[in-house]
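Now for the letters of each chain:
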Amino acid sequence: ADVAGRLNEVGGGPAVMVAFAAYAVSFMVKTAMFPVHVWLPDAHAIAPSPVSAVLSGMVVKIGIIGMLRVYQVFFAADVLELGAFNQMLVWFGAISIVMGAFFAIFQDDIKLMLAYSTISNIGYIVLGLGLASPYAVIGASVHVFNHALIKATLFLAAGAIIHQTGLRTLSDLRGIARRMPQTSAAMAIGAVSIVGLPPTAGFVCKWYIALGAFESGQAPFGFALVFGALFIFVYYVRMLNAFYFQEPVHDVVIEANEAPWSMRIPVIVLATLCLVLGVLGGIPLAFVEPAVLDLLPFWGN
């Protein structure tokens, strides 16, 4: 509030515009939004799987939280006309959805696939913020949490598989579900949830963002969400097909054992929450809605 008041005193000069642009670019890099995403795939692929879960679930969301704070300051100060910036977020969010999913389709390394999936899902959040309608911003805000939950499920399940086999490519891990059924089932639930199919946590927020696109009079971006979801569906079907329906080609897979309970319990709990928050999706929506409605006036709505 203090910064907004001081900005009102000085007005929207070139320095203020440069400051806003610097904030926006920096936070978009932090969120790994396409095309400033290039740091994220390698970071995810190299990091240990628990670290990848934190990177995808929490670290990239700092950029989203930062952008929300910047919105509060600059819109409250009312020194810049930021409608064009909102529209830019909408376009970059839509492009991130499609391009992140497109690159993920061609990955054989499961952690690289999950990394590009993060880029795609950050696009959903950024798109929702840019649409700036109540439904869209509520959906984007809930997806900040739900995506963290889903990605923790996927990365920790992938980590358990890699820990037990030493393998990380789909071509090497064919048939692993026969030897690690519980871990593979948790990963399947995470995959279904990240696609956005009901009754999982991923459905609620993406549905709200799609409703927000129609609510704001930008229906084509609602169809972009559906198109991106189809891409996401394709590469996760590749993974599930390899795990469940293809014959093992590697001796390590044939001899693999289920992960120890110390690794399985967190994955199973997270996968269960992916289902619970899908069925009881109204709980996070009701929690987030008052904050969003309080914040939306800063968008000028």
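Refer to the preceding data block for the structure.
For the rest of this paragraph, the subject is unusual backbone geometry. Between Phe 34 and Pro 35 the backbone carries a cis peptide bond, its omega angle lying at 10°. In this fold, Pro 35 is placed in the loop between helix H2 (14-31) and helix H3 (39-46). A cis amide bond, omega 5°, links Pro 198 with the succeeding residue Pro 199. In this structure, Pro 199 sits in the loop between helix H9 (181-195) and helix H10 (201-215). Positive phi, normally seen in glycine, also occurs at Ala 132, with a value near 60°. Within the secondary structure, Ala 132 is located in the loop between helix H7 (110-131) and helix H8 (134-165). With relative accessibility at 7%, the residue Ala 132 sits in the buried group.

Given 3.6 residues to a turn, an α-helix orients residues that are three or four positions apart in the same direction. Given a rise of 1.5 Å per residue, 15 residues ought to cover 21 Å, and the 22 Å separating the end C-alpha atoms of H10 matches this to within 8%. Of the residues making up H10, those classed as buried are Ala 201, Gly 202, Val 204, Cys 205, Lys 206, Ile 209, Ala 210, Gly 212 and Ala 213. Summarising the contacts, the buried residues of H10 are in contact with H7, H8, H9, helix H11 (219-245), helix H13 (261-279) and helix H14 (282-295). Of the residues flanking the end of H10, it is Gly 217, one or two places downstream, whose phi is positive at about 75°.

Another point: the packing of H3 against H7. Working note: a packed helix pair is described by the angle between its axes plus the distance between those axes. Where H3 meets H7, the closest approach of the two axes is 8 Å, and the angle between their N-to-C directions is 140°. Here H3 lies oblique to H7, going by the angle between them. For the element pair H3 and H7, the recorded crossing hand is right-handed. Only Lys 111, Leu 112, Ala 115, Tyr 116, Thr 118 and Ile 119 of H7 make contact with H3, whose side of the interface consists of Leu 40, Pro 41, His 44 and Ala 45. Looking at side-chain class alone, the contact of H3 with H7 contains seven nonpolar, two polar and one charged residues.

About the thresholds
- Residues numbered from 1 in each chain as written.
- Predicted model: local features only at pLDDT ≥ 70, side-chain atom pairs only at ≥ 80, totals over all residues.
- Heavy atoms only, no water.
- Helix = DSSP H or I, 4+ residues; strand = E, 2+ residues; numbered from the N terminus.
- Buried < 20%, exposed > 50% of the residue type's maximum accessible area, 1.4 Å probe, protein only.
- Expected span 1.5 Å × (residues − 1).
- Contact = heavy atoms within 4.5 Å.
- Axes fitted to C-alpha atoms, helices over the stretch in contact; angles between N-to-C directions.
- Parallel < 35°, antiparallel > 145°, perpendicular 65-115°, else oblique.
- Left-handed = near helix turned anticlockwise from the far one by under 90°.
- Nonpolar A, V, L, I, M, F, W, Y, C, P; charged D, E, K, R; others polar.

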